[in-house]
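One-letter residues, chain by chain:
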Amino acid sequence: MDAAETLEEYTPGDFYFATSRHTVFGSGSRLTFADTDVSALSEAVPAALAGSPGSLAVGVLPFDTAAAPGYLVVPETARVAGPAHPGAADLPRMPVDGPDVVRAVPEPVAHVEAVARAVRALTERGMRKVVLARALDLEFPGPVPVKAVLHNLVKDNPHGYTFAAALPGGRSLIGATPELLLSRSGRRVVSHPHAGSAPRSADPVTDRENAERLASSRKDQVEHAILSEAIVETLRPFCRNLRVPSTPSLVATPTVWHLSTMVTGELVDPEVTALHLAGVLHPTPAICGSPTGDARRLVGELEPFDRGYYAGTVGWMDAHGDGEWAVSIRCAEVSGERLRLYAGGGIVPASDPKAELDETSAKFQTLLRAMGLEL
């Protein structure tokens, strides 16, 4: 079965993870793991997969692993198909009946005020960075058309990681993220952190100017350095031959430019699994801030909602410990007729509150476009 047929087979509750290399699909549940102790999950899941070469564990970790459980499933049926993206542009767009209600949480003015408070708090508390998010709550006249939205996400996002995963309570997490937290293949380890962003434009000149402005932005370079340094220092005890480019690169999604750094290394201990490494890395400064504990507390003070599985990680692991875990941004949680869409931005002392609001608006566009909406 090829990747297009796998997408056609998807129903809400299945696991779907499409990249430019392959598509991982899982259906049903042979075993389920739900635990707020990521270390316990990192031990229990490999033990359950041992002796089952064709088995996979798939699922999600939340933003705050002490507040919500990591939720992983060993599917009854699982397979790896060819890449979904090479033919994605030829897929027909699926129609989506729009929502009846769209509500911002918080309102834009309140988010600007929260960013201003965050900038002051960084200096007062001696912090380097915090990430603040806002949400859009959408209410549909019937069940959210998850399959159609996922289909359009695959069509619209030819690079990165397009995903759908089951959550506790019959909910789903869907999205298309550009950011790889961690992949492991044998001893080879890769992390591809993203931080620093600018909106894309339909006008080629404006689009290139936005990219060049991002590449030369001192504020964004500082924000990115905080992230890449944290990734390297976290991986250093596990890896030898760590390779880190001296400067970040520009990468583009259909809606946002990013600064990114490809970090690669070789595992010292081949028994260290992809899930274990993902748990050690999460949460990175890309979605929380620095220092981590202080940033998480400030997020709790300033955001008027629980992030749940937004800004967590989504992915899979096989019986050999190989796997991929992506940062769950550009995503939404779906429950019945309701969808909550999230977008965040990294705040550093040089941040401008209005520009940070505009950044979240650009990031909302990934999901809004998949639903045929312009807000």
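Residues numbered from 1 in each chain as written. Predicted model: local features only at pLDDT ≥ 70, side-chain atom pairs only at ≥ 80, totals over all residues. Heavy atoms only, no water.

Structural notes on the pairing of strand β1 (residues 15–18)
- Alternating residues of β1 divide into Phe15 and Phe17 and Tyr16 and Ala18, and every residue in both groups is buried.
- Bridge count for β1 against strand β2 (residues 23–27) is 4 bridges, and the pairing is antiparallel. Bridged to phenylalanine 15 within β2 is glycine 26.
- Between the end of β1 and the start of β2, which pair antiparallel, lie 4 residues.
- One ladder, built from 3 bridges, connects β1 with strand β9 (residues 161–166); its direction is antiparallel. (Buried < 20%, exposed > 50% of the residue type's maximum accessible area, 1.4 Å probe, protein only. Helix = DSSP H or I, 4+ residues; strand = E, 2+ residues; numbered from the N terminus. Pairing = 2+ DSSP bridges.)

Concerning the UniProt feature "domain: Chorismate-utilising enzyme C-terminal" (unreviewed entry) in the protein chain
- UniProt records the feature "domain: Chorismate-utilising enzyme C-terminal" (unreviewed entry) at residues 111–363, using the numbering of this structure.
- Structurally, residues 111–363 comprises 34% helix and 34% strand, and the distance from its first C-alpha atom to its last is 15 Å. (UniProt positions renumbered as here; feature names shortened; annotations may be inferred.)

Quick look at the side chain of lysine 219
- Mapped onto the fold, lysine 219 is located in helix α6 (residues 218–235).
- Classification of lysine 219 as buried rests on a relative accessible area of 15%.
- Among residues more than four places away in sequence, those in contact with lysine 219 are Gly346, Val348, Ala350, Ser351, Glu356 and Glu359. (Contact = heavy atoms within 4.5 Å.)

Points about the pairing of strand β5 (residues 70–74)
- The element β5 is largely enclosed, with a buried count of 5 among its 5 residues.
- Burial along β5 is two-sided: the residues Gly70, Leu72 and Val74 and Tyr71 and Val73 are all buried.
- Note that strand β3 (residues 31–35) and β5 share 5 bridges and pair antiparallel. In the sheet register, phenylalanine 33 faces β5, and the bridge partner there is leucine 72.
- Strand direction decides the pairing type here: strand β4 (residues 56–61) and β5, joined by 3 bridges, are antiparallel. Opposite glycine 59, over in β5, you have leucine 72 as the bridge partner.

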